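Residue-level structural notes
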Amino acid sequence: MTSNPVYGNADEFDWRAYLVKHEELLKTGAGRRAACKLDPLLFALVYLRHHLRHPTTEDIGLAQLHLDMAARARQWARKDLDERELRDSWVAWRGAGKSTWAFLILPAWALCHRHRLYAIAYAHNSKQTEQHLDTFRNEITSNPLLAKDHPSFVRAAKKFSGVTIADNRGMFVSGNGTLFQAKGIDSSSLGAKFGETRPDL
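All of the points below concern the structure found in this document.

About the cut-offs
Residues numbered from 1 in each chain as written. Predicted model: local features only at pLDDT ≥ 70, side-chain atom pairs only at ≥ 80, totals over all residues. Heavy atoms only, no water. Salt bridge = Lys/Arg side-chain N within 4 Å of Asp/Glu carboxyl O. Helix = DSSP H or I, 4+ residues; strand = E, 2+ residues; numbered from the N terminus. Buried < 20%, exposed > 50% of the residue type's maximum accessible area, 1.4 Å probe, protein only. Pairing = 2+ DSSP bridges. Core = buried A, V, L, I, M, F, W, Y, C linked by side-chain atoms within 4.5 Å. Contact = heavy atoms within 4.5 Å. Axes fitted to C-alpha atoms, helices over the stretch in contact; angles between N-to-C directions. Phe/Tyr/Trp six-rings, centres within 6.5 Å; stacked < 30°, edge-to-face > 60°. Expected span 1.5 Å × (residues − 1). Bend = angle between axes of the 7 residues up to and from the residue.

1. Let's talk about the pattern of salt bridges
Using the criterion set out here, one finds 6 salt bridges in the structure. Arginine 16 is the partner of aspartate 59 in a salt bridge, and the nearest nitrogen-oxygen pair spans 3.6 Å. Remark: arginine 16 occurs in helix α1 (residues 15-21) and aspartate 59 occurs in the loop between α3 (40-47) and α4 (64-73); sequence separation between them is 43 residues.

See the structure below:
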């Protein structure tokens, strides 16, 4: 197994020690925002740890796949890379956590910190992708620590009239100006655009 240059080898990675390493910063909202801004794995451990628990042991389960996905996602914060340089395919067994990381944790980190503005997710059909969007929406709108540290992100954006811009089965527009859209692979997405913004994740 190759060691991840950012987070190391999953067999040796100690998530508790990783949190202790950032202990002082994690005591305040400003510190948590600063510490997690460029670190999707720390973001996952701080805000979404309940999604990392093993269903039977209740311990935090981090495989090499998760460390590698988080390390690669750090590149999304870079503005000097062309979108074609940020294309990856992840293949793993069923139940490995691909959807949790690819449709929840990593987009939440990227959109929360505005590294990316418009995430669009595809699955076999619209219903399947909408379930991922529901999970994303339900998590960010009911997560108390996210609400405390990132209040604009967890609220749906509203028009001046007070009406929600988009909070439906196929799209969630956040109060921080980012959006997450869900589509079936059979849907037409040519020229996908929301206002001036085109998908960048």
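Still more to cover.
2. Some thoughts on unusual backbone geometry
Phi is positive for arginine 114, which is not a glycine, with a value near 60°. Structurally, the position occupied by arginine 114 is in the loop between α5 (98-112) and β1 (118-123). The class of arginine 114 is partly exposed, set by a relative accessible area of 42%.

3. Some thoughts on the pairing of β1
Most of β1 is tucked away: 5 of the 6 residues are buried. For β1 and strand β3 (residues 179-184), the ladder comprises 6 bridges, and the chain directions are parallel. Along β3, the bridge assignment pairs alanine 123 with glycine 184.

4. A closer look at the pairing of β3
Burial of β3 is extensive: 6 of the 6 residues sit out of reach of the surface. Residues Leu179, Gln181 and Lys183 line one face of β3 and the alternating positions Phe180, Ala182 and Gly184 line the opposite face, and both faces are buried. With 3 bridges joining them, strand β2 (residues 171-173) and β3 adopt antiparallel strand pairing. Paired with valine 173 across the bridge in β3 is leucine 179. Counted between consecutive antiparallel strands, the loop separating β2 from β3 contains 5 residues, among which glycine 177 sits at a positive phi close to 90°.

5. Here's the deal with the nonpolar core
By size, the foremost hydrophobic cluster in this structure holds 53 residues, and its most contacted members are Leu41, Phe43, Leu45, Leu62, Trp101 and Phe136. Here the element with the most residues in this core is α5; it accounts for 10 residues. With sequence-adjacent residues up to four places away left out, leucine 62 is seen in contact with Ala10, Phe13, Trp15, Leu41, Leu45, Leu52 and Trp101.

6. Description of the sheet that holds β2
If you trace the 3 strands from one edge of the open sheet to the other, you get β1-β3-β2, paired in mixed fashion. The open sheet is flanked by β1 and β2, the only strands paired with a single partner. Each strand axis lies, on average, 15° off the axis of its neighbour in the sheet, ignoring direction. Against the sheet, helix α6 (residues 126-142) makes contact with β1, β2 and β3, and its axis sits at roughly 160° relative to β3, the strand it touches most.

7. Notes on the packing of aromatic side chains
Between two aromatic rings, the relevant description is the distance of the centres plus the angle of the planes. This model, assessed by the stated rule, comprises 5 aromatic pairs. Between phenylalanine 136 and phenylalanine 153, the ring centres sit 6.4 Å apart and the planes meet at 80°, which makes this aromatic pair edge-to-face. Of this pair, phenylalanine 136 sits in helix α6 while phenylalanine 153 sits in helix α8 (residues 151-154), and the two are 17 residues apart along the sequence. Given the relative accessible area of 1%, phenylalanine 153 is considered buried. Plain terms: the ring middles of phenylalanine 136 and phenylalanine 180 are 4.6 Å apart, the flat faces sit at 35° to each other, and that makes the pair tilted. Of this pair, phenylalanine 136 sits in helix α6 while phenylalanine 180 sits in strand β3, placing them 44 residues apart in sequence. With a relative accessible area of 1%, phenylalanine 136 lands in the buried category.

8. Let's talk about α5
With 15 residues, α5 extends 20 Å between its outermost C-alpha atoms, agreeing within 8% with the 21 Å of an ideal straight helix rising 1.5 Å per residue. Its maximal kink placed at leucine 106, α5 deviates by approximately 30°, while the proline proline 107 follows within four residues. The buried count for α5 comes to 11 of 15 residues, which makes it a mostly enclosed element. Turning to α5, its buried residues number three or more, namely Trp101, Phe103, Leu104, Ile105, Leu106, Pro107, Ala108, Trp109, Ala110, Leu111 and Cys112. Of the residues one or two after α5, arginine 114 is the one with positive phi, at around 60°.

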